Amino acid sequence: MAIKKNMEFNIKDGFLPNLCLSKSLKVLDVSESSIIIEMGSSQRRGVFPPENFNYWINKGILIAVKDHQKRIS
């Protein structure tokens, strides 16, 4: 999945960096070396290597909001 600025993700249990127990996050910036996110409920920010972020997506721990809405429909 191509990660883009302003993408939003729902967070499932197992996302260990979720110290504020947020239910969602938003991608603020994407580069080759990092993905900067903002947690939904606390406005806390984090920086992750793209490999880690993609790992959580592939494991089903981070679900793109648009993908989640398609599954419900």
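Residues numbered from 1 in each chain as written. Predicted model: local features only at pLDDT ≥ 70, side-chain atom pairs only at ≥ 80, totals over all residues. Heavy atoms only, no water.

(A) Representation of the environment of Lys4 in the model. With respect to the helices and strands, the residue Lys4 is situated in the segment before β1 (8-11). The exposed category is assigned to Lys4, whose relative accessible area is 53%. Sequence spacing of Lys4 and Phe48 is 44 residues, and the spatial spacing of their C-alpha atoms is 14 Å. Setting aside chain neighbours within four positions, we find Lys4 in contact with Val27 and Val30. (Helix = DSSP H or I, 4+ residues; strand = E, 2+ residues; numbered from the N terminus. Buried < 20%, exposed > 50% of the residue type's maximum accessible area, 1.4 Å probe, protein only. Contact = heavy atoms within 4.5 Å.)

(B) Representation of the pairing of strand β3 (residues 35-39). Of the two faces of β3, the one holding Ile35, Ile37 and Met39 is buried and the one holding Ile36 and Glu38 is not buried anywhere. Counting the residues that bridge the hairpin from strand β2 (residues 24-30) to β3 gives four residues. For β3 and strand β4 (residues 45-48), the ladder comprises four bridges, and the chain directions are antiparallel. Bridging across to β4, Ile36 finds its partner in Val47. Between β3 and β4, which pair antiparallel in sequence order, lie five residues; one of them, Gln43, sits at a positive phi of approximately 60°. (Pairing = 2+ DSSP bridges.)

(C) Here's a closer look at the side chain of Ser34. Looking at the secondary structure, you find Ser34 in the loop between β2 and β3. Taking relative accessible area as the criterion, Ser34 reaches 17% and is therefore assigned buried. Not counting the four nearest positions on each side in its chain, Ser34 is found in contact with Asp29, Val47, Phe48 and Pro50.

(D) Spotlight on helix α1 (residues 50-58). What α1 keeps buried is the set Pro50, Phe53, Trp56 and Ile57. Each buried residue of α1 lies within a common arc of 125° when the element is viewed along its axis, so the set occupies one face. Every exposed residue of α1 that faces more than 90 degrees away from the buried side is listed here: Glu51 and Asn58. Considering only its buried residues, α1 is in contact with β1, β2, β3, β4 and β5 (62-64). (Arc of directions from axis to C-beta.)

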